[in-house]
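Here are the chains, one letter per residue:
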Amino acid sequence: MKISTKGRYGLKAVVDIGYYTRDAKCVSLKSVSERQAISENYLEQIIAPLKRAGIVHSIRGANGGYFLGKDPKTLTAGDVLRILEGPLTPVDCLVENGPICGEADCGKCSTKSVWMSLFAGINELVDSFTIADLMADYENMSGVLG
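Computed from a prediction, not measured in an experiment: that's the story for all the values here.

Before going further, it helps to examine the pattern of salt bridges. Taken as a whole, this structure holds four salt bridges when the rule is applied. When the shortest N-O distance is used, the salt bridge between aspartate 16 and arginine 35 registers 2.7 Å. Highlighted residues: aspartate 16 in helix H1 (residues 5-20) and arginine 35 in helix H2 (residues 29-36), separated in sequence by 19 residues. Residue classification places aspartate 16 among the buried residues on the basis of a relative accessible area of 1%. Where salt bridges share partners, they join Asp79, Arg82 and Asp127 into one cluster.

Structure below.
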């Protein structure tokens with residue numbers, strides 16, 4: 001399984017928005033784009049599903065911008081990644097109503113336990129990181145102003 005740039009950049013953008021709106025009402029996508037070295041046009045595409053999911057909210061106008069729609073202490077990296085990437089499954093047969101591997105009977109699959117354990121481990125891991133945790137990591141990085 002590989003996380004796309006959409007997932008990686010989206011997670012970085014959410015952390016950035018959370019970090020820089022701690023004291024301000026909202027931040028512009030342009031400022032996020034500049035800090036994170038992500039194209040503003042691509043960032044707009046990434047932010048759209050996050051807005052629909054309520055992860056981020058926006059305010060229009062001259063002083064408008066984006067802010068987190070959920071508490072960073074309860075919002076996880078997994079929440080963001082699943083919105084942008086879909087189910088974090090290592091194989092398609094684990095997706096509900098998804099394709100099965102060939103014409104095989106999944107009930108007789110000798111390797112399914114490996115894929116189910118991997119799926120559970122991936123989700124447990126990404127859900128163990130809150131956006132607040134990642135904001136603290138971001139603050140501790142050299143060169144980040146608080």
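That covers the picture; the talk isn't over yet.
On to the pairing of strand S1 (residues 56-59). Where S1 meets strand S2 (residues 65-68), four bridges bridge the pair, whose relative direction is antiparallel. Along S2, the bridge assignment pairs serine 58 with tyrosine 66. Turn length for the S1-S2 hairpin, with the two strands adjacent in sequence and antiparallel, is five residues, and the turn residue glycine 61 shows positive phi of about 110 degrees.

Turning our attention to unusual backbone geometry. Phi angles above zero are rare outside glycine, and alanine 37 is one such case at about 55 degrees. Along the chain, alanine 37 falls in the loop between H2 and helix H3 (40-52).

Formed by 26 residues in total, the largest nonpolar core has its most connected members in Val14, Ile17, Ile47, Leu50, Val56, Val80 and Ile131. At the level of elements, H1, H2, H3, S2, helix H4 (77-85) and helix H6 (131-140) are the ones that each hand at least two residues to this core. With six residues, H1 is the largest single contributor of residues to this core. Sequence-distant contacts of isoleucine 131, that is, excluding residues within four places in its chain, are made with Leu11, Val14, Val15, Leu68, Pro72, Leu75, Thr76, Ala77 and Val80.

Another point: the confidence of the model for the chain. Averaged over all residues, the pLDDT of the chain is 89; the fraction at 70 or higher stands at 88%. Within the chain, the lowest mean pLDDT, 93, falls on helix H5 (residues 112-127), and the highest, 98, falls on H4.

This next bit is on H3. Relative to the 18 Å expected for 13 residues at 1.5 Å per residue, H3 spans 19 Å between its end C-alpha atoms, a close match to the ideal helical length. Buried within H3 we find Leu43, Ile46, Ile47, Pro49 and Leu50. Packing partners of the buried residues in H3 comprise H1, H2, S1, S2 and H4. Its side-chain oxygen placed 3.3 Å from the backbone nitrogen of asparagine 41, serine 39 serves as the N-cap of H3. Glycine 54 sits one or two positions beyond H3 and adopts a positive phi of about 80 degrees.

Cut-offs used in this document
- Residues numbered from 1 in each chain as written.
- Predicted model: local features only at pLDDT ≥ 70, side-chain atom pairs only at ≥ 80, totals over all residues.
- Heavy atoms only, no water.
- Salt bridge = Lys/Arg side-chain N within 4 Å of Asp/Glu carboxyl O.
- Helix = DSSP H or I, 4+ residues; strand = E, 2+ residues; numbered from the N terminus.
- Buried < 20%, exposed > 50% of the residue type's maximum accessible area, 1.4 Å probe, protein only.
- Pairing = 2+ DSSP bridges.
- Core = buried A, V, L, I, M, F, W, Y, C linked by side-chain atoms within 4.5 Å.
- Contact = heavy atoms within 4.5 Å.
- pLDDT = per-residue confidence, 0-100.
- Expected span 1.5 Å × (residues − 1).
- Polar contact = N/O pair within 3.5 Å; in protein donor to acceptor, adjacent residues only side chain to side chain.

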